[in-house]
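Remarks on the overall topology
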Amino acid sequence: MSTRPRLLVVGSPSLDLLHFGGRSVRSAGGAGLYTALAAQRAGAEVTVVAPRPDPMPAELEPADRLLDWRGPPVPPSALPHFEIEYFPDGRTVYRQAVRGSEGDIRYGDIPDAGPGAFAYVVPLLDPELQLGFARRLSAAGVRVGCGTYAPGIRAHREVVTRVAEASDYFFCNAEEAGLLVGSLDDVAVAPGHAVFVTRGARGARVVLGDHAIDVPAPEVEEVDPTGAGDTFCGTALARLAAGDHPAIAARVAAAHAARTVTGIGPAPLLSDGPPPRAPRDARVRLDGERVRRVARVIAAAPEAAAFDFIGPDLPAPGDPVALDFFFAGTVQQFGFWHERAGRYEEPMIASLGGRARKGSDYLWAAYLRWARELPDELTPSGQAALDEADFDHRLRDDRGRNPLPAGPLHPACARAYGAGMLGLGLTPVSLLAEANATERPLAHFLARLDAVGGYKEDPWRKKSALLAVILSQRPERFLRLGEGEDVPPIVDYHCQRSCLRLGVVAVTDETLASKLARREVVSAEEEEAVRAACYEAVEEIRDLSRRSMGAVDWFFFQNRTRCPEMREPDCAACPADPACAHRTRLFQPVLRTTAY
């Protein structure tokens, strides 16, 4: 998304003395400084709310030039300062912690950010002060992140627990998680909230309600570990504010945190070089020239036009059941294929109303019948109460059977969707009203779905993005897009098959390429490697073609008929044929997932 997100950081920079690797170094520091600089480097416009030293110390001048620093003037000697020792075994010991002017921050110093804005309240030496800021910001409709630190938990565990409960996004490391709840596996969070647990070289864990996602960290040569956790916080919040799924935000944040520890103090965050990227899997790469050629085709192709999601198996414009139909139905847009003996066998085709229908076409038709028979069952409360027998009956084909190959995964997703919406106190109508009232409706909409079962589990947001496209392109224009907003790539198996065969994504690992060609079931890591590369390729094609993601997605979706699963490709009918690598033996990753 092109518009720069904004982030408020409440917390003072400091002047510190660091001990590591037999060295002692004086440096600018503080959670407020590292968090703000990291968010700025990750693309956010950052306002720091903290006492501002006058005159500005030389160590803080570079940060002052980059950040919008607001707060009462104080002498440099009044800044907080810390003496921190880092040990080779990963322990951190605070030799001295002087609060200084930190307590001089007042809520009145914070500019009015407005509903849907993002703010981070650093782990202040007084957790009660941190809690007060978090609660007041949250009451104003701001999305609030908070962090903590081990000595604060030991001294004020109950208060820090309340801070975590008041946070939309709470950040801690594995040691701090243990002090708060007992162990990493015991971390839990209320609906609509997320916890990020950093794990050093092992990456991070993101907990979304009852669902946890682990993300890796790059291998680097550590020089100074100061600020790694704060860099993670600032980067993650900047990416969340930009509209990323929490797990994708954590991937980028882990890469930024790893880069930070390769220098001394905040120097890596002040670099003029490009920001670090989340690590790519070496088994798969993008072909830049092929991406550009396909983008030129799509830029000129009449087929690349946004679909309005109107048709005989979809609700008519103005139909009052449309929102429940699309919210509940899009959750089920996955798994339309059969497996046998560890290999892809064939796509799902079943008869409904005397007509053979494939995959999602069948699903939409069955859900439209459901909407006519029992529309109340498509509401969140109706979906939450479904059992498998009821679901199977609603999805019955002309033989009276539910033909969906993924079996019980479908009713489980229906119940998870319903329970997630109910837990958040949302309906489709209220969620859209809430999103459309913000400056960045799409980002807000996707962030809310990141807390809803059936949608939240996929970091690449295929179903969430598809729903956003439907709601923004329908004649009713249920969801508006803010300035500079566009839907993220919608990467399903048809899209991946096209990307591989077109050659915009190249598989360099012979073992993985062979598995794809033989249509064998792959591992989750192998599927992730291919899908992540396809996501990046489609995003670049969208940007280079200057078409909307809705138009690019419709082009790729139509390509399923020209480059299908079970027949030879009809290359003559494909507008992309002149740009195609014709790697027609390749097939999409075969893995049973609820994501697509």
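Shown above is the structure to which this text applies.
A quick note: this is a predicted structure, and the numbers were derived from the prediction, not measured.

**Here we look at the sheet that holds strand 8 (residues 81–86)**
Strands sit in the order 3-2-8-9 across an open sheet of four strands; the sheet is mixed. Two strands close off the open sheet at either side, each with one partner strand: strand 3 (23–29) and strand 9 (92–98). Put simply, the sheet's adjacent strands are angled 20° from each other on average, direction ignored. In terms of strand pairing, strand 2 (residues 14–20) meets strand 8 through three bridges, oriented parallel. Opposite His19, over in strand 8, you have Glu85 as the bridge partner.

**Here we look at the packing of aromatic side chains**
Scanning all chains against the criterion turns up 23 aromatic pairs. With a centroid separation of 6.4 Å and 70° between ring planes, the pair formed by Phe171 and Phe232 is classed as edge-to-face. Taken together, the positions of Phe171 in strand 12 (residues 169–173) and Phe232 in helix 6 (residues 228–242) put the pair 61 residues apart, joining distant regions of the chain. Assigned by exposure class, Phe171 and Phe232 land together as buried. Taken together through their ring pairs, the aromatic side chains of Phe118, Tyr120, Tyr169, Phe171, Phe196 and Phe232 make up a single cluster. Across from the ring centre of Trp337, 3.9 Å away, lies the NZ or CZ of Arg592, which sits over that ring.

**Overview of the pairing of strand 10 (residues 118–121)**
Neither face of strand 10 is exposed, since Phe118 and Tyr120 on one face and Ala119 and Val121 on the opposite face are all buried. Of the strand pairs in this sheet, strand 1 (residues 6–10) and strand 10 are connected by four bridges, and their pairing is parallel. Of the residues in strand 10, the one forming a bridge with Val9 is Tyr120. Sheet analysis places strand 10 next to strand 11 (residues 143–147), joined by four bridges and oriented parallel. Residue pairing in the sheet places Val121 in a bridge with Cys146 of strand 11. The parallel pair strand 10 and strand 11 is bridged by helix 3 (residues 127–139), and the resulting crossover is right-handed.

**Looking at the sheet that holds strand 15 (residues 211–215)**
Taken together, the nine strands give an open sheet; going across it, the order is 6-4-1-10-11-12-13-14-15, and neighbouring strands pair in mixed fashion. Sheet topology places strand 6 (68–70) and strand 15 at the edges, where each strand pairs with a single neighbour. Looking at each pair of strands side by side, their axes are set apart by 20° on average, direction ignored. Here helix 6 sits on the sheet and contacts strand 1, strand 10, strand 11, strand 12, strand 13 (194–198) and strand 14 (204–208); the angle it forms with strand 12, its principal contact strand, is near 155°.

**Digging into the nonpolar core**
Counting residues in hydrophobic clusters, the biggest one holds 105 residues, and the most contacted among them are Phe327 and Phe445. When residues in this core are grouped by element, the largest group, nine residues, is from helix 10 (residues 359–373). In contact with Phe327, not counting residues within four places along its chain, are Tyr417, Met421, Pro428, Leu431, Leu432, Phe445, Tyr455, Leu467 and Leu471. Counting residues in each nonpolar core, the second largest holds 77 residues, with Tyr34, Val46, Cys172 and Val187 among its members.

**Structural notes on the pattern of salt bridges**
Note on pairing: side chains with opposite charge can pair once their charged atoms come close. Inspection of every chain in the model, using the stated rule, returns 36 salt bridges. Between Asp185 and Arg205 there is a salt bridge; the shortest N-O distance is 2.9 Å. Separated by 20 residues along the polypeptide, Asp185 in the loop between helix 5 (174–181) and strand 13 and Arg205 in strand 14 bring together distant segments of the chain. Using a relative accessible area of 14% as the deciding quantity, one classes Arg205 as buried. Among the salt bridges present, the one from Glu289 reaches Arg292, with a minimum N-O distance of 3.3 Å. One end of the pair, Glu289, and the other, Arg292, are both in helix 8 (residues 288–300), three residues apart, so they sit about a helical turn from each other. By relative accessible area, which is 39% here, Glu289 ends up partly exposed.

**Re the pairing of strand 15**
Along any regular strand the residues' side chains alternate between the sheet's two faces. Note that strand 14 and strand 15 share five bridges and pair antiparallel. Within the sheet, the bridge partner assigned to Leu208 lies in strand 15 and is His211.

**Details of a negative patch on the surface**
A cluster of acidic side chains, namely Asp387, Glu388, Asp390 and Asp392, defines a negative patch on the protein surface. With respect to the helices and strands, Glu388 occurs in helix 12 (residues 388–394).

**Notes on the packing of helix 1 (residues 31–41) against helix 6**
At a minimum axis separation of 7 Å, helix 1 and helix 6 run at an interaxial angle of 40°. By the angle between their axes, helix 1 is oblique relative to helix 6. Two packed elements cross with a definite hand, and for helix 1 against helix 6 that hand is right-handed. Mapping the contact onto sequence places Ala31, Tyr34, Thr35, Ala38 and Ala39 in helix 1 and Asp230, Thr231, Cys233, Gly234, Thr235 and Ala238 in helix 6. Residue classes in the contact of helix 1 with helix 6 are distributed as six nonpolar, four polar and one charged.

**Some thoughts on helix 3**
The end-to-end C-alpha separation of helix 3 is 18 Å, in line with the 18 Å expected for 13 residues at 1.5 Å each. Looking at helix 3, one finds that the buried residues are Pro127, Gln130, Leu131, Phe133, Ala134 and Leu137. The buried residues of helix 3 occupy an angular sector of 165° when the element is viewed end-on, so they sit on one face. On its buried face, helix 3 sits against strand 1, strand 10, strand 11 and helix 4 (150–166). Where helix 3 begins, the side chain of Asp126 points an oxygen toward the backbone nitrogen of Glu128, at a separation of 3.0 Å. Among the residues trailing helix 3, Gly141 stands out with phi positive, at a value near 85°.

**What to know about unusual backbone geometry**
Looking along the chain, the bond that leaves Asp54 and enters Pro55 is cis, with omega of 5°. Following the sequence through the fold, Pro55 ends up in the loop between strand 5 (52–53) and helix 2 (61–66). At Ala341, a residue that is not glycine, the phi angle is positive and equals roughly 55°. Relative to the elements of secondary structure, Ala341 occurs in the loop between strand 17 (337–340) and strand 18 (343–347).

**Describing the packing of helix 9 (residues 322–330) against helix 10**
Put simply, helix 9 and helix 10 touch, their axes get as near as 10 Å, and they point 135° apart. Judged by the angle between their axes, helix 9 and helix 10 are oblique. Along this stretch, helix 9 crosses helix 10, giving a crossing that reads as right-handed. Packed against helix 9, whose contacting residues are Phe325, Phe326, Ala328, Gly329 and Thr330, the element helix 10 presents Leu363, Trp364, Tyr367, Leu368 and Ala371 at the interface. Here the contact of helix 9 with helix 10 is composed, by residue class, of eight nonpolar, two polar and no charged.

**Remarks on helix 20 (residues 549–562)**
An α-helix turns once every 3.6 residues. As a result, residues three or four positions apart point the same way. Over its 14 residues, helix 20 extends 20 Å from the first C-alpha to the last, a length consistent with the 20 Å expected when each residue adds 1.5 Å. Where helix 20 is concerned, the buried positions are Met549, Gly550, Ala551, Val552, Asp553, Phe555, Phe556, Asn559, Arg560 and Arg562. Buried-residue contacts for helix 20 involve helix 8, helix 10, helix 16 (462–473), helix 17 (493–502) and helix 19 (524–545).

What counts and how
Residues numbered from 1 in each chain as written. Predicted model: local features only at pLDDT ≥ 70, side-chain atom pairs only at ≥ 80, totals over all residues. Heavy atoms only, no water. Pairing = 2+ DSSP bridges. Helix = DSSP H or I, 4+ residues; strand = E, 2+ residues; numbered from the N terminus. Axes fitted to C-alpha atoms, helices over the stretch in contact; angles between N-to-C directions. Phe/Tyr/Trp six-rings, centres within 6.5 Å; stacked < 30°, edge-to-face > 60°. Buried < 20%, exposed > 50% of the residue type's maximum accessible area, 1.4 Å probe, protein only. Lys NZ or Arg CZ within 6 Å of the ring centre and 35° of its normal. Right-handed = clockwise from strand over helix to strand, strands pointing away. Contact = heavy atoms within 4.5 Å. Core = buried A, V, L, I, M, F, W, Y, C linked by side-chain atoms within 4.5 Å. Salt bridge = Lys/Arg side-chain N within 4 Å of Asp/Glu carboxyl O. Patch = residues over 30% accessible without salt bridge, like charges linked within 9 Å, V, L, I, M, F, W, Y side chains within 5 Å. Areas by Shrake-Rupley, 256 points an atom, 1.4 Å probe, with all protein chains shown as cover. Lys, Arg positive; Asp, Glu negative; His and termini not counted. Charge placed at Lys NZ, Arg CZ, Asp CG, Glu CD. Parallel < 35°, antiparallel > 145°, perpendicular 65-115°, else oblique. Left-handed = near helix turned anticlockwise from the far one by under 90°. Nonpolar A, V, L, I, M, F, W, Y, C, P; charged D, E, K, R; others polar. Expected span 1.5 Å × (residues − 1). Arc of directions from axis to C-beta. Polar contact = N/O pair within 3.5 Å; in protein donor to acceptor, adjacent residues only side chain to side chain.

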